[in-house]
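Understanding the architecture of this molecule
What follows is each chain in one-letter form.
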Amino acid sequence: MKAAQVRQAFLDFFAERGHARVASSSLVPANDPTLLFTTAGMVQFKDVFTGKETRGYKRATSSQKCVRAGGKHNDLDEVGKTPRHHTFFEMLGNFSFGDYFKEDAITWAWDLLTRVYGIDTSRMVVTVFGGDQELGLGPDVQAREVWKRVTGFGDDRVIDLGKADNFWSAGDVGPCGPCSEIHFNMDGPPGVWPTRDPRSWEGWLEIWNLVFMQFDRQASGAMPELPAPSVDTGAGLERMSSVLQGVKSNYDTDLFTGILATAADIAKVKYGADPEKDTSLRVIADHARASTFLIADGVFPDKTTREYVLRRIFRRAVRHGKRLGIAEPFMNRVCARVIEEMKGQYPELAERAVLIDTVTFEEEKRFRDTLDDGMKLLEEEFVRMKAAGATEVSGKTTFKLYDTHGFPDDLTEIIAEERGFTVDRAGFKKEIEDAKERSRDFAAGDAAVADLHKQLAQEVGGTRFLGYDGRGTTGHGTVKALVVDGKRVTEARQGQKVELVLDQTPFYAESGGQIGDAGVLLASNGSRMRVDDVTRPAGDLFVHQGEVTAGTLTVGDHVTATVDDERREQIRANHSATHLLHLALKRVLGSHVAQKGSLVAPDRLRFDFAHFSPMSEAEKREVEDLVNAEIRKNDDSLVEVLPLDEARQRGAVAMFGEKYGESVRVVRIGNESLEFCGGTHVRRAGDIGLFKIISEAGVAQGVRRIEAVTGAGAIDYLRRLEGELGKAGERLRAPMFEVAEKVDRALLAYRQLEKELDKLKQRLASGAGGRDLMAEATEVGGVKVLAAATEVDDAKVLRETGDQLRDKLGSGVVVLAGVGGDKVTLVAMVTKDLTGKLHAGKILGVAAEILGGKGGGKPDLAQGGGKDPARVPEALAAVRAWVAQHA
């Protein structure tokens, strides 16, 4: 079976048994701050397992794209060295949400493996959870009995293992439970069956893990039972394909052979001929898959969290390319092969091919420059170490190169050994652990807050948003929960900051870049709350944040909710403008443009998008013109709720990393902009009024940011511009449209005056007014030395004057001390014939030390300064003495 057939057979098998086929979610988990990446098939169903979210099905099957490289699940360092480890892989899975449990899960797994896939039963064993005292759980007796009945195995082939092997969770918090694993012997039917002894498992490969979700682990360590027992199974497509294709390494399956061939062609080597080179080729193939899929899901290499993990993955691949002798950027070509191989199952790869090519090419160019810079920093460190008599590169230095400059620690070690140094590996590991600890502390705080909101969502349920159904910006609701100072309370009094949950609300909660609404809640007893913001921290739970301004609000109170209508209208206009802006950017800059983030506020909009160069003034003007043309057409907006597949077929643009259900809300603004969106929008494009870009700049590698204003905000901005231009015209005594011309003339005159001033300063520095500086030169130890003070402290003028005096001197030393106010500017020069024994930097250092300053430079030129003008004569005398001593 080809891998595509393995995948299809799995999905078909479970679809025939009533499972909904669910598309893979993004590699960026939605609403889960505890995970960097999607690490398993169940991640997109976390909220369903906990009961926080309900869907239109109780059974599901999927082939989920996953990345394990960072956090708890981190296989990065092993990739390429073993036949199985990957950063990116696909997880085949079937799921039950309170429907079937162990009996059906085990029966179907065995049926698929033996009847559909035809795997030899004599080469398989299964494991079950054997209990754990620390968890307070006994052996999974039910799973053992079902396995024995379904397979016909005896107890010797149904093996008890502990929590390390047979208790599973997706992260530090969330759904978890005992599991059963199915193992296959890669060497053929075994002579003996494995036991609890880890050494007895050599040659065995886990091919499927059946997790019986029963608990929901909290940040506190508590493990309450889930609302209904559920099933989460995971079978790695790469491993299953290796079994069915009869190969011992995942890299020998058709998922990798084409990618490896491309990498080998670029490197001009043959895969299989050299073990060390084979490792590098496997690293490149795996990391190209991870990079391609992460970029397609909106993760770009950068310095923060998941972006940094991608950077490490990508740069590790480039490093291995350099080991193979690849001297030019190549990863974009390997990623193109990944797209070709995988676009059938994941069409988004083809849609974002240009973006993937651009990001990978630019990142590799940048990293190759970084390697050159890192080499320079290392060389400087080696010089310092030699001078200090040190032999070991510190862990702190290695970590700084690694963390700040992206310089691989293994490369630091290799280069250090070549230079005769060692690297403090223990110190480096401690720096790494300290950084991880800081990250864990941060994540734990996030998880504690998330637990509170998750508990509210489970107990109170979701909040119904009234803003979609024509009720406008006013509505009625019942107070379901109150939180003060991070704790649930039954009442909140005047003056207290509070988080409040209603059963239904007209307030929009911050989502998709649109900020939350503001307004007022008024209870029937006269109590009042000012709402400053509304968030949606867990599922459909809307949390109103603000302050009780009158009376006391109590759980159960009925309130009238009134949104600040004028503010909402401004937000609507800005949000709709972002949709038109997105479309215009694609037209002007190209199809690679993709939204990377946004902020929709009442006073402005901010739109981040994928693009690799600054926009020209002509491009910005063209974008503005396209948006304003759509505004003037004044077409009605259209909002529809459509099945996900139909929305995609219509060409609706989905956002990177967003989580979508079976049905999605699709918004059309103007004639052609069609996007998935849950925000609030204008009724017709003309309501936006006017669109004006106020800035465009880079915010990260490959990400540009536009800030803009609309409607009344745009008019206010233009009036401010007009006012400032008018003031400038008044000062220049010119009409507004002649200001630029008048400024150009003034700048030209200013530059001419600057040149005249420089000439005067130079004359003064070189002895204008009858002083002949050359006459002040003296011979010291056979060397002509001109050490003089001048009233000009301009470093540029002193340097130019020094050049002239040095040339006149022919051979010798020039030191000028420019005195101005309470500071001294120093310049020292040594002619080329003397730099073998005299060093300008050291000469200047003598003077600077006396003057309470510092300085340095090259053998022939140095600059610096001091803070004590009164000691200039002493400093110049010290210069002459130093030359006399060293000449």
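All of these numbers come straight from a predicted model, not from anything done at the bench.

This paragraph deals with the overall build of the protein chain. Helix and strand counts for the protein chain come out as 23 helices and 35 strands. Summarising the internal contacts of the protein chain: among those between residues at least 6 apart in sequence, 69% fall at separations of at least 24. Accessible surface for the protein chain amounts to roughly 39,700 Å². Of this, 49% is attributable to carbon and sulfur atoms. Treating the 120 positive side-chain charges of the protein chain as one cloud and the 134 negative ones as another, the clouds have centres 2 Å apart.

Turning to empty space enclosed by the protein, a few remarks are in order. The rolling of a water-molecule-sized probe over the atoms marks out the regions of remaining empty space. Here the structure, examined in full by the defined rule, presents 1 cavity of 30 Å³ or more. Looking at the largest cavity, its volume works out to about 50 Å³. L580, L583, A584, R587, L626, V627 and E630 are the residues that line the largest cavity. At the level of secondary structure, the elements contributing two or more residues to the lining of the largest cavity comprise α16 (565–589) and α17 (617–633). Per element, the largest residue contribution to the lining of the largest cavity is 4 residues, and it comes from α16. Residue classes in the lining of the largest cavity are distributed as 5 nonpolar, no polar and 2 charged.

Another point: a nonpolar patch on the surface. Judged by side-chain polarity, L725, M736 and F737 come together as a nonpolar surface patch covering roughly 330 Å² of accessible area. Mapped onto the secondary structure, M736 falls in the loop between α19 (711–732) and α20 (739–765).

Tallied over the full model, the rule gives 55 salt bridges. Among the ionic pairs, K248 bridges to D187, the shortest N-O distance being 2.8 Å. Pair noted here: K248 is in the loop between α6 (237–244) and α7 (257–267) and D187 is in the loop between β7 (174–185) and β8 (204–217), with a separation of 61 residues, a long-range link. The pair K248 / D187 is uniform in exposure class, with both members exposed. In this structure, the salt-bridge partner of R199 is D197, at a minimum N-O distance of 3.0 Å. Judged by its relative accessible area of 70%, R199 falls in the exposed class. A cluster of three or more residues bridged by salt bridges with shared partners is formed by E16, R17, D111 and R115.

Moving on, we get to the packing of helix α9 (residues 305–323) against helix α12 (residues 353–388). For the pair α9 and α12, the least separation of the axes is 10 Å and the interaxial angle reads 70°. Looking at the two axes, α9 sits roughly perpendicular to α12. Taken as a pair, α9 and α12 cross one another with a handedness that is right-handed. On α12, the residues that touch R311, F314, R315, V318, R319 and K322 of α9 are T360, E363, E364, R366, F367, R368, T370 and L371. For the contact of α9 with α12, the class distribution of residues is 4 nonpolar, 2 polar and 8 charged.

Spatial strand order, β25-β26-β27: 3 strands in an open sheet with antiparallel pairing. With partners counted over all chains shown, the strands left at the sheet margins are β25 (638–643) and β27 (673–676), one partner each. Here the average twist between neighbouring strands, direction ignored, is 25°. Pairing of β25 with strand β26 (residues 663–669) involves 6 bridges; the strand directions are antiparallel. If you follow V641 over to β26, its bridge partner there is R665. Against the sheet, α16 engages β26 and β27, with an angle of about 115° to β27.

What follows concerns the nonpolar core. A general feature of soluble globular proteins is that nonpolar side chains tend to end up buried together. Judged by nonpolar contacts, the single largest core of 104 residues is most densely connected at Y117, I119, I182, I207 and W208. With 9 residues, helix α8 (residues 275–296) is the single largest residue contributor to this core. Grouped together as the second largest cluster of nonpolar side chains are 29 residues, V780, L826, A828 and A847 included.

Further remarks concern α19. In an α-helix, one turn spans 3.6 residues, which is why side chains three or four residues apart end up on the same side. The end-to-end C-alpha distance of α19, which contains 22 residues, comes to 32 Å, matching closely the 32 Å that a straight helix rising 1.5 Å per residue would cover. Phi turns positive one or two residues past the end of α19, at R733, with a value near 55°.

The next thing to look at is the packing of aromatic side chains. Scanning all chains against the criterion turns up 27 aromatic pairs. Seen in terms of ring centroids, F382 and F421 are 5.0 Å apart; in terms of plane orientation they differ by 10°. Their pairing is stacked. Here the residue F382 occupies a position in helix α12, and F421 occupies one in the loop between α14 (409–418) and β11 (422–423), the gap between them amounting to 39 residues. Using a relative accessible area of 3% as the deciding quantity, one classes F382 as buried. We classify F421 as buried; its relative accessible area is 7%.

Inspection of the entire model under this criterion finds 0 disulfides. C335 takes part in no disulfide bond, and the closest cysteine sulfur to it belongs to C66, at a distance of 19 Å.

On to the sheet that holds strand β33 (residues 823–830), then. Spatially, the 6 strands line up as an open sheet ordered β30-β31-β32-β33-β35-β34, and their pairing is mixed. In the strand order of this sheet, the two ends are held by β30 (778–780) and β34 (854–857), each with one partner. Taken pair by pair, the neighbouring strands of this sheet meet at an average axis angle of 20°, ignoring direction. Here 6 bridges tie strand β31 (residues 783–790) to strand β32 (residues 813–820), and the two strands are oriented parallel to one another. For A787, the partnering residue across the bridge sits in β32 and is V815. Contacting β32, β33, β34 and β35 (861–866), helix α22 (residues 840–850) crosses the sheet at an angle of about 155° to β33.

What follows concerns the packing of helix α1 (residues 3–15) against helix α3 (residues 102–116). One can describe the packing of α1 onto α3 by two numbers: an axis separation of 11 Å at closest approach and a directional angle of 130°. Of the possible angle classes, the one that applies to α1 and α3 is oblique. Regarding α1 and α3, the two cross each other, and that crossing is right-handed. Residue-level contacts link A9, F10, F13 and F14 of α1 to W108, D111, L112, R115 and V116 of α3.

This part covers the side chain of R572. Take R572: it is sitting in helix α16. Since its relative accessible area comes to 10%, R572 is described here as buried. Apart from residues no more than four positions distant in its own chain, R572 is found in contact with T680, H681, V682 and R683.

Its place among the elements puts L244 in helix α6. Here the alpha-carbon distance between L244 and C179, two residues 65 residues apart in the chain, equals 24 Å. In this structure L244 touches M1, V6, Y117 and I119, once residues within four positions along its chain are discounted.

With 6 of its 8 residues buried, strand β29 (residues 703–710) lies for the most part within the structure. Inspection of the sheet shows strand β24 (residues 605–610) paired to β29 by 6 bridges, in the antiparallel sense. What sits directly across from A610, in β29, is V703. Pairing of strand β28 (residues 691–700) with β29 involves 8 bridges; the strand directions are antiparallel. Counted as the bridge partner of F691 is T710 from β29. Taken together, β28 and the strand that follows it, β29, pair antiparallel across an intervening segment of 2 residues, in which G702 is found at a positive phi of about 75°.

Here we come to the environment of P859. Topologically, P859 is positioned in the loop between β34 and β35. Given the relative accessible area of 34%, P859 is considered partly exposed. The contact partners of P859, leaving out residues within four places of it in the chain, are V830, T835, L838, H839 and A840.

Within the secondary structure, T473 is located in the loop between β12 (464–465) and β13 (474–484). Assessed through its relative accessible area of 13%, T473 is described here as buried. A distance of 3.1 Å separates the side chain of T473 from the side chain of D565, its partner in a polar contact. The residues touching T473, leaving out its near neighbours within four places in the chain, are P506, A561, T562, V563, D565 and R568.

About the cut-offs
- Residues numbered from 1 in each chain as written.
- Predicted model: local features only at pLDDT ≥ 70, side-chain atom pairs only at ≥ 80, totals over all residues.
- Heavy atoms only, no water.
- Helix = DSSP H or I, 4+ residues; strand = E, 2+ residues; numbered from the N terminus.
- Contact = heavy atoms within 4.5 Å.
- Areas by Shrake-Rupley, 256 points an atom, 1.4 Å probe, with all protein chains shown as cover.
- Lys, Arg positive; Asp, Glu negative; His and termini not counted.
- Charge placed at Lys NZ, Arg CZ, Asp CG, Glu CD.
- 1 Å grid on protein atoms, 1.4 Å probe; cavity = no way out; pocket = protein on both sides within 12 Å on 5 of 7 lines; lining within 4 Å.
- Points joined across faces, edges and corners; volume = space filled by probe spheres on them.
- Nonpolar A, V, L, I, M, F, W, Y, C, P; charged D, E, K, R; others polar.
- Patch = residues over 30% accessible without salt bridge, like charges linked within 9 Å, V, L, I, M, F, W, Y side chains within 5 Å.
- Salt bridge = Lys/Arg side-chain N within 4 Å of Asp/Glu carboxyl O.
- Buried < 20%, exposed > 50% of the residue type's maximum accessible area, 1.4 Å probe, protein only.
- Axes fitted to C-alpha atoms, helices over the stretch in contact; angles between N-to-C directions.
- Parallel < 35°, antiparallel > 145°, perpendicular 65-115°, else oblique.
- Left-handed = near helix turned anticlockwise from the far one by under 90°.
- Pairing = 2+ DSSP bridges.
- Core = buried A, V, L, I, M, F, W, Y, C linked by side-chain atoms within 4.5 Å.
- Expected span 1.5 Å × (residues − 1).
- Phe/Tyr/Trp six-rings, centres within 6.5 Å; stacked < 30°, edge-to-face > 60°.
- Disulfide = S-S within 2.5 Å.
- Polar contact = N/O pair within 3.5 Å; in protein donor to acceptor, adjacent residues only side chain to side chain.

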